Amino acid sequence: MCDLETPRLRLRPLTTGDLPALAEMLADPEVMRHSLRGVCDDMATRIFLDWCFDCYIKHRTGPLALVDRQDGNFIGFCGVSPEKIEGTMELNLGYRLARRYWGQGLATEASIAALGHAFTDKRFDSIVAIVESAHTASVRVVEKVGFGCFETLEFHKRPVRLYRMQRAQWQQRLAAEPH
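To start, this report covers the structure provided alongside it. (Residues numbered from 1 in each chain as written. Predicted model: local features only at pLDDT ≥ 70, side-chain atom pairs only at ≥ 80, totals over all residues. Heavy atoms only, no water.)

Structurally, threonine 45 is set in helix 2 (residues 42-59). Those residues in contact with threonine 45, other than ones at most four positions away along the chain, are Leu19, Leu22, Ala23, Leu26 and Cys40. (Helix = DSSP H or I, 4+ residues; strand = E, 2+ residues; numbered from the N terminus. Contact = heavy atoms within 4.5 Å.)

The structure is reproduced here in structure tokens:
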């Protein structure tokens, strides 16, 4: 696992030192309103963190801590992780930010970095994003970073949008950006 940097963020593997800030964020009902798994208590947060460590070892990818480059504060997480969808293992872009960091474009900034790393450095072929239609902020993020078409399906007994991006689409997006 490696560290990534954006103008405002450092993305790095999560550590046990992130547990207090992660637990506080995942216990916030507003942050977790659109989470398919709901609010996390301390035990659920520890299980999530162990799952992240397992992802790093088994899949060479997973949620990365988002840290403010200026003050070092924990902002949330973002990354590409394995997810079983309709019986098939997929790589899923996921992110979650503490509420005080909402509305600043940080999820978009982190997602672009995570996708760039996944498609360019890891050479993954396809990445999905799973979003509830009602989660308009998250819909905006995935569409801003380049996900377009989606299919509607049931995931964890909830209706969601499943977006998919291929590496070739990511490369076309990069080629179209002004330099």
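Moving on, there is more to tell.
A few words now on the packing of aromatic side chains. According to the stated counting rule, one finds six aromatic pairs in the structure shown. Between phenylalanine 150 and tyrosine 163, the aromatic rings sit 5.2 Å apart at their centres with planes inclined by 50°, giving tilted as the arrangement. Note that phenylalanine 150 is positioned in strand 7 (residues 150-155) and tyrosine 163 in strand 8 (residues 158-166), a separation of 13 residues in sequence. The buried category is assigned to tyrosine 163, whose relative accessible area is 0%. (Phe/Tyr/Trp six-rings, centres within 6.5 Å; stacked < 30°, edge-to-face > 60°. Buried < 20%, exposed > 50% of the residue type's maximum accessible area, 1.4 Å probe, protein only.)

Before going further, it helps to examine the environment of lysine 144. Structurally, lysine 144 can be placed in helix 4 (residues 136-144). On the accessibility criterion, lysine 144 (52% relative accessible area) is exposed. Along the chain, lysine 144 and arginine 46 lie 98 residues apart, while their C-alpha atoms are 32 Å from each other. Setting aside residues no more than four positions away along its own chain, lysine 144 makes contact with Thr108 and Arg173.

Of the pairings in the sheet, the one linking strand 6 (residues 126-131) to strand 8 comprises six bridges and is antiparallel in character. Bridging from a neighbouring strand, isoleucine 130 pairs with leucine 162 of strand 8. The pairing of strand 7 with strand 8 spans six bridges and is classified as antiparallel. Its bridge partner being in strand 8, phenylalanine 155 is matched across the sheet by arginine 158. If you look at the hairpin formed by strand 7 and strand 8, you'll find two residues sitting between the two strands, and histidine 156 has a positive phi there, around 55°. (Pairing = 2+ DSSP bridges.)

Next up on the list: the nonpolar core. Counting residues in hydrophobic clusters, the biggest one holds 50 residues, and the most contacted among them are Leu93, Leu115, Ile127 and Phe147. Counting residues per element, this core draws most heavily on helix 3 (residues 106-121), at eight residues. If sequence neighbours within four positions are ignored, leucine 93 has contacts with Cys78, Gly79, Val80, Ser111, Ala114, Leu115, Ile127, Val128, Ala129 and Phe147. Ile85, Val128, Leu153 and Leu162 belong to the second-largest nonpolar core, a separate cluster that totals seven residues. (Core = buried A, V, L, I, M, F, W, Y, C linked by side-chain atoms within 4.5 Å.)

This brings us to the packing of helix 3 against helix 5 (residues 167-176). Two numbers describe how helix 3 lies on helix 5: the axes approach to 10 Å, and their chain directions differ by 120°. By the angle class used here, helix 3 and helix 5 are oblique. Handedness of the crossing formed by helix 3 with helix 5: left-handed. Contacts between helix 3 and helix 5 pair Ile112, Leu115, Gly116, Phe119 and Thr120 from the former with Arg167, Trp170 and Arg173 from the latter. A per-class count over the contact of helix 3 with helix 5 returns four nonpolar, two polar and two charged. (Axes fitted to C-alpha atoms, helices over the stretch in contact; angles between N-to-C directions. Parallel < 35°, antiparallel > 145°, perpendicular 65-115°, else oblique. Left-handed = near helix turned anticlockwise from the far one by under 90°. Nonpolar A, V, L, I, M, F, W, Y, C, P; charged D, E, K, R; others polar.)

A word on helix 4. Within the sequence span of helix 4, burial applies to Ser138, Val139, Val141 and Val142. One face of helix 4 carries all of its buried residues, which in axial projection span an arc of 160°. Along its buried surface, helix 4 packs onto strand 5 (88-97), helix 3, strand 6 and strand 8. Following helix 4 by one or two positions, glycine 146 has its phi on the positive side, about 120°. (Arc of directions from axis to C-beta.)

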